[in-house]
Amino acid sequence: MNITKKQCVLSISGGMDSSSLMLNLLANDYEVTALSFDYGQKHKAELLRAQSLVKYLGDNGIRVRHQIIDLSTLTPLLNSALVSGGNEVPEGHYENENMKATVVPNRNKIFSSLIQSVALSIANETEQDVKIALGIHAGDHAIYPDCRQEFRDADYQAFLEGNWDAEKVSFYTPYLELMKAGILEDGLKSCEKLGIDFDEVYARTLTSYKPIQIDGRWYSDYKSASSVERVEAFIEIGRKDPAPYADETGPVTWDAVKKDVSKVLSLN
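Everything numeric here is computed off the predicted structure, so don't read it as measured data.

Draft legend 1. Structural detail: empty space enclosed by the protein. Within the structure shown, the criterion is met by two cavities of 30 Å³ or more. By volume, the largest cavity amounts to about 1,100 Å³. Ser 11, Ser 13, Arg 107, Asn 108 and Cys 147 are, among the 46 residues lining the largest cavity, the residues nearest its centre. Considering each element in turn, the lining of the largest cavity owes the most residues, six residues, to helix H3 (residues 107–126). Its residues placed into classes, the lining of the largest cavity shows 20 nonpolar, 17 polar and nine charged. One number sums up the size of the second largest cavity: a volume of about 40 Å³. Taken together, Tyr 39, Leu 71, Leu 74, Leu 78, Val 104, Arg 107, Ile 110 and Phe 111 make up the lining of the second largest cavity. Of the residues belonging to the lining of the second largest cavity, the class tally is seven nonpolar, no polar and one charged.

Below you can see the structure in the form of structure tokens.
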């Protein structure tokens, strides 16, 4: 650990938002401790992408301390379409009522408790303040109660009440006023500052609740809500998504993905 740098702890799923935030932190000279969580999610392929991105950064001289925390023993006890054994993940845009099926009970509280524990440990070890980086943004959905400001305020207050010196830990939320297209644009700026390739980075991210494996390779779907929003963001910034897409017929071209998602968006 480089204790001469600013310290930050980040939860990284392997998706677009958290990966962009990791780039933002590195571009702003933070020493990053990145935590990923295996809770039996159907889109566990994201964890492989997070590992791949961290390795790519390391190969380019950019160090990130990354650890996957195994919570998979909880999986049989969780009631959600997002975890193994749950119902089918619904398709469509997040605004649809059926997206409530994708809520994992108390997920962000579980994650935040572990992130806070690590952040305070680093603060005590290094004797300096530590940031917890959150990828919360203007497009966060009311369908997820644990993405709301009221939850975050109450959770942080509980952290302060339950720990000595917890005020050493605070938050870094650079995307608070941005939609997903703005997050991608920030990722592009961070890539330029770090001297790394945007397409190489985002090819190593996955934003899909229903990933598809073909001949050992993982593809994103383009019909589940998280995928629809990712495609929408790439369309808005006028770039081709370098991540591969597929459906039940096999790999699908970017033009076909754009056409299908544009149709979905026009209906909402």
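Draft legend 2. Geometry of the environment of Gln 41. Take Gln 41: it is sitting in the loop between strand S2 (30–38) and helix H2 (45–59). Residue classification places Gln 41 among the buried residues on the basis of a relative accessible area of 4%. Note: C-alpha distance between Gln 41 and Gly 238 (197 residues apart in sequence) is 31 Å. A polar side-chain atom of Gln 41 sits 2.8 Å from the main-chain amide nitrogen of Tyr 39.

Draft legend 3. Local environment of the packing of H3 against helix H4 (residues 149–162). Between H3 and H4, the shortest axis-to-axis distance is 11 Å and the interhelical angle comes to 45°. On the basis of their axis angle, the class for H3 and H4 is oblique. Like other packed secondary-structure pairs, H3 and H4 cross with a definite hand, here right-handed. Where H3 abuts H4, its residues Asn 108, Lys 109, Ser 112, Gln 116 and Leu 120 lie against Phe 151, Asp 155 and Phe 159. Broken down by class, the residue content of the contact of H3 with H4 amounts to three nonpolar, three polar and two charged.

Parameters at a glance
Along each chain, numbering runs from 1 in the same order as the chain's sequence is written. With the structure being a predicted model, the display of local features is reserved for residues of pLDDT at least 70 and the display and counting of side-chain atom pairs for 80 or more, all residues being used for whole-chain, interface and lining totals. The basis for every side-chain value is the complete set of non-hydrogen atoms in the structure, without hydrogens or water. Each cavity reported here is a set of points on a 1 Å grid over the protein atoms alone in which a 1.4 Å probe fits but cannot get out, each pocket an open set with protein on both sides within 12 Å along at least five of seven lines, and each lining residue one with an atom within 4 Å of a point. Grid points are joined across faces, edges and corners, and a volume is the space filled by probe spheres set on the points. Helix and strand assignments follow DSSP, with helices taken as H or I runs no shorter than four residues and strands as E runs no shorter than two, numbered in order from the N terminus. Any residue that is not Ala, Val, Leu, Ile, Met, Phe, Trp, Tyr, Cys, Pro, Asp, Glu, Lys or Arg is counted as polar, Gly included; the first ten are nonpolar and the last four charged. Each residue gets one of three labels from its accessible area relative to the maximum for its type: buried under 20%, exposed over 50%, partly exposed in between, using a 1.4 Å probe on protein chains only. As used in this structure description, the phrase polar contact means that two N or O atoms lie within 3.5 Å; if the pair is within protein, one of them must be able to donate a hydrogen and the other to accept it, and residues adjacent in sequence are counted only when both atoms belong to side chains. All axes are obtained by fitting lines to C-alpha atoms, using only the stretch in contact for helices, and the reported angles, taken between N-to-C directions, cover 0 to 180 degrees. Put simply, angles under 35 degrees are roughly parallel, angles over 145 are roughly antiparallel, angles from 65 to 115 are roughly perpendicular, and the rest are oblique. The handedness criterion is simple: a crossing whose near helix is rotated anticlockwise from the far helix by less than a right angle is left-handed, and one whose near helix is rotated clockwise is right-handed. Whether two residues touch is decided by their heavy atoms; if any such pair falls within 4.5 Å, the residues are in contact.

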